[in-house]
Structures are given as C-alpha cells and as structure tokens.
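Single-letter residue listing:
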Amino acid sequence: MTRIAKQDDSSEVRHVTWVGLIWNVALSVGKFFAGFFGGSQALIADAIHSASDFLTDIAVIAGSKLWNCPPDANHPYGHRRFETLISVGIGIAVCVVGVGLGYNAIQALLAGEEAATRPEWIAAVMAALSIAIKEGLFRYTAREGRKIRSQALVANAWHHRSDAYSSIPVLIAVVIGIVLPDLWFADSVGAVIVACFILHSGYEIAWPGIHQVADEGASEEVARKLREIAEATPGVISIHGFRTRFVGSDLHVDLHIVVAADMTLLAAHDLSEEVERRILEAGENVVDAMVHVDPYDPAKAK
C-alpha cells in the first residue's frame, strides 16, 4: 500500500476562516441595526443568516486541527472524516436557520398590513454593501479552499455566497417598499425568498457530505480515468475489483491487477508499486492506493 502524506492545512484553514469570521460579525451587527432602525424585516433575517455564518466559522476553526491529526490505532485512515461531518453540520445548521426565518416571514404576512413596517434607505444601502462584501469573501475562501483541497473551507465559501445571494432579494424588497409604500408585503416576501435561498444553500452544502459519510466512491469519470491508468501500465494484463471511497476530501483506491503467471514475486511487486505511483500522481485527491496482484489464469479468462 502506498499513501501520500496529507499536508496539515489547519493553519491555512484557520487564517482564511478568521478573515470571514471578522467580516461576518461586522455584517451581522451592521445588518441587524440597519434593519431595526430602517424598518426591514428582510434585512434583520439576513443579519441572522450572517450570524449563522459566524457560528459555522467557529466550527471550521475548531475542527480544522482535529481533522489534520495523523492516523492512529483507532483511526488508521486518519481523521479526515471529521471534515465531512463538520461540512454536513454546517449544511444542517443553514437549513435550520432557513426554516426559522421562513416561518417568521410567513407569520408577518399573515398578520397583515397593520403589523407591517416601512423600510428606509439605510436598509437598502446596508443590503447592497453586504452583497459586495460577501461575494468577495466567497471568491477568497473558495480559492483558498481549492488550493489546499479543504472540503469544509469550500463548503464555508458557499455559505458566504448564499449570504450574498440572500441579500439580493432583500435589496429589491427594501427598494420596492421605499418606492412603492402601498406594497406593504414586499419586505416580508423578500424575507421568505431569503429563507428559500438559505434552505437551498444548506442542501448544497450537506448533501455531498452525506454521500461521503455513506462511503460514496469517485464519480464515474474519475473512476474510469484511474482504471485506464492502471490498465495502461506495461505488464498489466487486466484489472478487476476496482473500488474507491472518500475519507473526507481524500480519495482512497484499491484494485486487483492480473499479471503473467510466470512473473517473479519481485517483478510483480515492482509492477504493483508502479501502478500505485501512477494512480497517486493522477491527482483527483487520491492519497492512498492499494494494489493486489493476481496471476493470469487462462481458465478464468474464458
């Protein structure tokens, strides 16, 4: 078995996440007060969404050290699965926030015009500022997450973008409420739309992680590429028993190669290591490859 040592990316993850955390605190406070004094329920809902970003930032900072711990007797494949669990937790937290905000917005709609508030321009300005800042945070966090191959960091980046997207209907609803005061329900409708964005974002974050917890393997395209690499190795007659599975964002591969029956043990061992090397160097987040050698049997080949 050949394994690539996973680089400890905890310091990079924490640095990037701290940047997002500081901005999330500033935005959640700013949007809450702008929504409160600007009379916008939608912006207050968006402030709570930013506050949920703050909580997920804390989860990533705390978890990054854990999932970078080296393999031990109880975790021979390492601790990367904790990265997946944290990503799923982030997604579920986002969904819970979306359900709560949607419920409150629907209650406001049912309460009628008498309970409605009239938004002010300060709410519109804050919503526009939030869109710009959160889109910048998304691009920064996603770029760094892809660079160090951190599933949790990329998940957190999409949480930033969901916040940017959710501020768009907030901005539209607030402007409509200011320009067309007869449309008293615009702000609450905007809050409902924000809730839908949040729910979709939570689903997109949690669902891939749920598949990985269930030991989902590589995509068909990636699996085909890795099989072709093994089959193209000189000396390999055929392959079978090809399997992959994710541990966090890391991909593990094992397979059987069929070689000539008269090949020496040393030659067969060297060939298996060559197959392993080629698979590991193929990229695709492969960090571990196990190759079992089978002698060619003409009777089984028929």
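> Quick one: what's the story with the overall build of the protein chain, residue by residue and with numbers?
A tally of regular secondary structure across the protein chain gives nine helices and four strands. Looking at the protein chain as a whole, 45% of its 302 residues are labelled buried. For the protein chain, long-range pairs separated by at least 24 residues make up 77% of all intrachain contacts whose partners lie at least 6 apart in sequence. Here the protein chain displays about 14800 Å² of accessible surface, and carbon together with sulfur accounts for 66% of that area.

> Which residues make up the pattern of salt bridges, and what values do they have?
On inspection of all chains with the given rule, the structure shows seven salt bridges. Ionic pairing is found between Asp-254 and Arg-243, a salt bridge with its closest N-O pair at 3.1 Å. With Asp-254 in strand 3 (residues 250–259) and Arg-243 in strand 2 (residues 238–247), the pair connects residues that are eleven residues apart, well separated along the chain.

> I'd love a proper account of helix 4 (residues 121–148), names of residues and values included.
Taking 1.5 Å per residue as the helical rise, helix 4 with its 28 residues ought to reach 40 Å, and the 41 Å between its terminal C-alpha atoms agrees with that figure. Count one or two residues on from helix 4 and you reach Arg-149, which has phi positive near 55 degrees.

> Which residues make up a nonpolar patch on the surface, and what values go with them?
Together, Trp-121, Tyr-165, Ile-168, Ile-172, Ile-176, Val-179, Leu-180, Leu-183, Phe-185, Val-189, Ile-193 and Phe-197 make up an exposed nonpolar region whose accessible area comes to about 1000 Å². Of all the secondary structure elements, the ones that give two or more residues to the nonpolar patch are helix 5 (151–179) and helix 6 (186–213). With respect to the secondary-structure elements, Leu-183 resides in the loop between helix 5 and helix 6. Overall, the relative accessible area of 31% leaves Leu-183 in the partly exposed class.

> Any details on the environment of Trp-121? Residues and values, ideally.
Within the secondary structure, Trp-121 sits in helix 4. In this structure, the C-alpha to C-alpha distance between Trp-121 and Gly-38, residues 83 residues apart in sequence, is 7.0 Å. Leaving out residues up to four positions away in the same chain, Trp-121 has contacts with Val-175 and Ile-178.

> An account of the packing of aromatic side chains is requested, with residue identities and associated values reported.
In total, this model carries five aromatic pairs according to the counting rule given. Here the aromatic rings of Phe-32 and Phe-36 are separated by 6.4 Å at their centres, their planes lie at 15 degrees, and the arrangement is stacked. Of this pair, Phe-32 and Phe-36 are both found in helix 1 (residues 10–37), four residues apart, which corresponds to roughly one turn of the helix. A connected cluster of aromatic rings, assembled from ring pairs, spans Phe-32, Phe-33, Phe-36 and Phe-37.

> Break down the packing of helix 3 (residues 81–111) against helix 6 for me, citing the residues and quoting the values.
Close contact between helix 3 and helix 6 brings their axes to 7 Å; oriented N to C, the two are set at 160 degrees. Considering their axes alone, helix 3 and helix 6 lie roughly antiparallel with respect to each other. Like other packed secondary-structure pairs, helix 3 and helix 6 cross with a definite hand, here left-handed. Residue composition of the contact of helix 3 with helix 6, grouped by class: 24 nonpolar, ten polar and one charged.

> So, the nonpolar core: which residues are in play, and what are the values?
When a protein is soluble and globular, its nonpolar side chains tend to lie buried together. With 25 residues, the main nonpolar core has Leu-43, Leu-101, Val-170 and Ile-198 as its most contacted residues. Contributions of two or more residues to this core are made by helix 1, helix 2 (41–67), helix 3, helix 4, helix 5 and helix 6. Setting aside anything within four residues of it in sequence, one finds Leu-43 in contact with Lys-31, Ala-34, Gly-35, Ala-123, Met-126, Ala-127 and Val-170. Within the second largest apolar cluster, 22 residues are counted, among which are Val-236, Ile-257, Val-259 and Val-291.

Conventions and cut-offs
Numbering of residues begins from 1 in every chain and follows the order in which that chain's sequence is written. At least 70 in pLDDT is required for a residue's local features to be given in this predicted model, at least 80 for side-chain atom pairs to be given and counted, and no such filter applies to totals for whole chains, interfaces and linings, which use all residues. Each side-chain value is worked out from all heavy atoms of the structure, with water and hydrogens disregarded. Runs of H or I in DSSP of at least four residues are treated as helices and runs of E of at least two as strands, each being numbered from the N terminus. When accessible area is computed with a 1.4 Å probe and restricted to protein chains, residues below 20% of their type maximum are described as buried, those above 50% as exposed, and intermediate ones as partly exposed. Whether two residues are in contact is decided by their heavy atoms, any of which lying within 4.5 Å being enough. Method for areas: the Shrake-Rupley scheme with a 1.4 Å probe, in which residue coverage is limited to the protein chains shown. What makes a salt bridge here is a side-chain nitrogen of Lys or Arg within 4 Å of a carboxyl oxygen of Asp or Glu, nothing more. Given the number of residues in a helix, its expected span is that number minus one, multiplied by 1.5 Å. Residues with no salt bridge and a relative accessible area higher than 30% make up the patches, which join like charges within 9 Å and nonpolar side chains (Val, Leu, Ile, Met, Phe, Trp, Tyr) within 5 Å. Between rings of Phe, Tyr and Trp, where Trp is taken as its six-membered ring, a pair exists when centres lie within 6.5 Å; planes separated by under 30 degrees are stacked, by over 60 edge-to-face, and by other angles tilted. Here an axis means a line fitted to C-alpha atoms, over the contact stretch when the element is a helix, while the angle between two N-to-C directions is reported on a 0 to 180 degree scale. For this classification, under 35 degrees means roughly parallel, over 145 means roughly antiparallel, 65 to 115 means roughly perpendicular, and everything else is oblique. Throughout, a crossing is termed right-handed when the near helix is turned clockwise from the far one, and left-handed when it is turned anticlockwise from it by less than a right angle. Three categories are distinguished: nonpolar for Ala, Val, Leu, Ile, Met, Phe, Trp, Tyr, Cys and Pro, charged for Asp, Glu, Lys and Arg, and polar for the others, with Gly belonging to the last. What is meant by a nonpolar core is a set of buried Ala, Val, Leu, Ile, Met, Phe, Trp, Tyr and Cys residues, joined one to another through side-chain atoms within 4.5 Å.

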